[in-house]
Amino acid sequence: SRTMHCKGNSCSCSFEDYKLTTQWLLNHTSHRPKVAVICGSGLGLLADGAANKQTFRYQDIPNFPVSTVAGHEGCLVFGTIEGTSCVFMQGHFHLYEGYSLCQVTLPVRIFKLMGVESLLVTNASGGICPDFKVGDIMIIKDHINLPGFAGQHPLCGPNDERFGIRFPCMSDAYSKDLRRLVLEAGLELGCNDFIREGVYCMVSGPNFETIAEARMLRILGCDSVGMSTVPEVTVAKHCGLRVLGLSLITNKVSLDYSREEKVNHEEVLQISKMRAEVLQKLVATMISRCQQQSINTH
Ligand SMILES: O=P(O)(O)O[C@@H]1C[C@H](O)[C@@H](CO)O1
């Protein structure tokens, strides 16, 4: 049943909606994930290395939206990586698909209710920082919630204290410890020369930026721009999950009217494919380490 009620920009999926979906999943799988991984455009194969996989199609899960974008398989995959129980979203949801932000972020709250402690988000984005190269992996250090400034915010509407407080702090949305662990893992895996850190900005899309918009984002302090992630991270932080964000730079955003290259989604998917294997290794390493760290600190 699709029982969510969204009026204007006020999201109000009821607690019962979240509980119903959570209970359905708990009844259909014996996995009890501690880490959730959201796979961005073209990155669904991050789930491939998991053992004892169990896959559900989004369309079969009550209340779940379905994926409508190429490069997003629309499957929820449970499995284990080096003994850590995980859940992977192969494909996530976007404002530009016509979903409300409570639909976009619904899986995060379900993961929380299932017992997940850490969220690892990946996405594809365009590089704005002139030093970035196509194929770089940017650790998200911070974000700019541009739709949020205009009231398109997943926490608009009545606050449900069972998830978190009315006015959450966002100054430490991306775990410092997890960011440090990625840098260490990158060194060990020999991929630190294309790991960067930076500020991700969300726009609603679906068009790629105009040159004037890209220049504005640069002035605002954005290092990369994409069309996802910020709502999920905001909701994750609100309900107390630890968050790590990795953004694959799939193209360079034009800041110059004389530049002839034109970005397109096929190129985004092609670069994701090219880097999927190394990202998979990095994500697998991070899954076991972030769980290890969580055990050590609690
Ligand atoms: O990983 P996401 O879904 O954020 O990927 C970006 C944004 C659009 O969905 C798409 C544009 O090519 O890639």
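A. Quick peek at the site of the ligand. The environment of the ligand is made up of 13 residues, and the closest members are Ser 41, His 94, Tyr 96, Ser 228 and His 265. Contacts to the ligand include His 94, whose side-chain N or O atom sits 2.6 Å from an oxygen atom. Within the backbone of Ala 124, one N or O atom sits 3.1 Å away from an oxygen atom of the ligand. Alone, the ligand offers 330 Å² of accessible surface; in the complex the protein occludes 96% of this. Residue classes in the shell around the ligand are distributed as five nonpolar, eight polar and no charged.

B. Representation of the environment of Gly 98 in the model. Topologically, Gly 98 is positioned in the loop between β6 (84-90) and α2 (101-114). Remark: the alpha-carbon pair of Gly 98 and Gly 205, spanning 107 residues in sequence, is separated by 11 Å.

C. Region of interest: the packing of aromatic side chains. In this structure the tally under the stated criterion is eight aromatic pairs. Seen in terms of ring centroids, Tyr 18 and Phe 163 are 5.2 Å apart; in terms of plane orientation they differ by 75°. Their pairing is edge-to-face. Taken together, the positions of Tyr 18 in helix α1 (residues 15-28) and Phe 163 in the loop between α3 (146-149) and α4 (176-189) put the pair 145 residues apart, joining distant regions of the chain. In terms of burial, Tyr 18 and Phe 163 fall into one category: buried. Relative to Phe 93, the ring of Phe 64 has its centre 6.2 Å away and its plane inclined at 75°; by these criteria the two rings are edge-to-face. Of the two residues, Phe 64 sits in the loop between β4 (51-57) and β5 (75-81) while Phe 93 sits in the loop between β6 and α2, which places them 29 residues apart along the sequence. For Phe 93, a relative accessible area of 1% corresponds to the buried category. Through successive ring pairs, a cluster of aromatic residues spans Tyr 58, Phe 64, Phe 93 and Tyr 99. Its end group placed over the ring of Phe 163, Arg 109 keeps NZ or CZ at 4.3 Å from the ring centre. Lying over the aromatic face of Phe 15, Arg 162 brings its terminal NZ or CZ to 4.0 Å of the ring centre.

Reading the values: the criteria
- Along each chain, residues carry numbers from 1 onward, in the same order as the chain's sequence is written.
- For this predicted model, a pLDDT threshold of at least 70 governs which residues receive local features, and a threshold of 80 or more governs which side-chain atom pairs are given and counted, while totals over whole chains, interfaces and linings are taken from all residues.
- To obtain the side-chain values, all non-hydrogen atoms of the structure were used and water was disregarded.
- Nearness here has a simple test: a residue counts as near a molecule or strand if at least one of its heavy atoms is within 4 Å of that partner.
- Polar contact is the term for a pair of N or O atoms within 3.5 Å; when the atoms are in protein, one must be able to donate a hydrogen and the other to accept it, and sequence-neighboring residues count only if both atoms are side-chain atoms.
- Throughout, the Shrake-Rupley method with a 1.4 Å probe supplies accessible areas, and for residues the shown protein chains are the sole cover considered.
- Side-chain classes are defined by residue name, with Ala, Val, Leu, Ile, Met, Phe, Trp, Tyr, Cys and Pro counting as nonpolar, Asp, Glu, Lys and Arg as charged, and the others, Gly among them, as polar.
- Numbering of helices and strands starts at the N terminus; helices are DSSP runs of H or I of at least 4 residues and strands are runs of E of at least 2.
- Ring pairs shown here join Phe, Tyr and Trp side chains whose ring centres sit within 6.5 Å, with only the six-membered ring taken for Trp; geometry is labelled stacked below 30 degrees between planes, edge-to-face above 60, and tilted in between.
- Remark: exposure states derive from per-residue accessible area (1.4 Å probe, protein chains only) relative to the maximum for the residue type, with buried under 20%, exposed over 50%, and partly exposed in between.
- Two thresholds decide whether a charge sits over a ring: the Lys NZ or Arg CZ must be within 6 Å of the ring centre and within 35 degrees of the ring normal.

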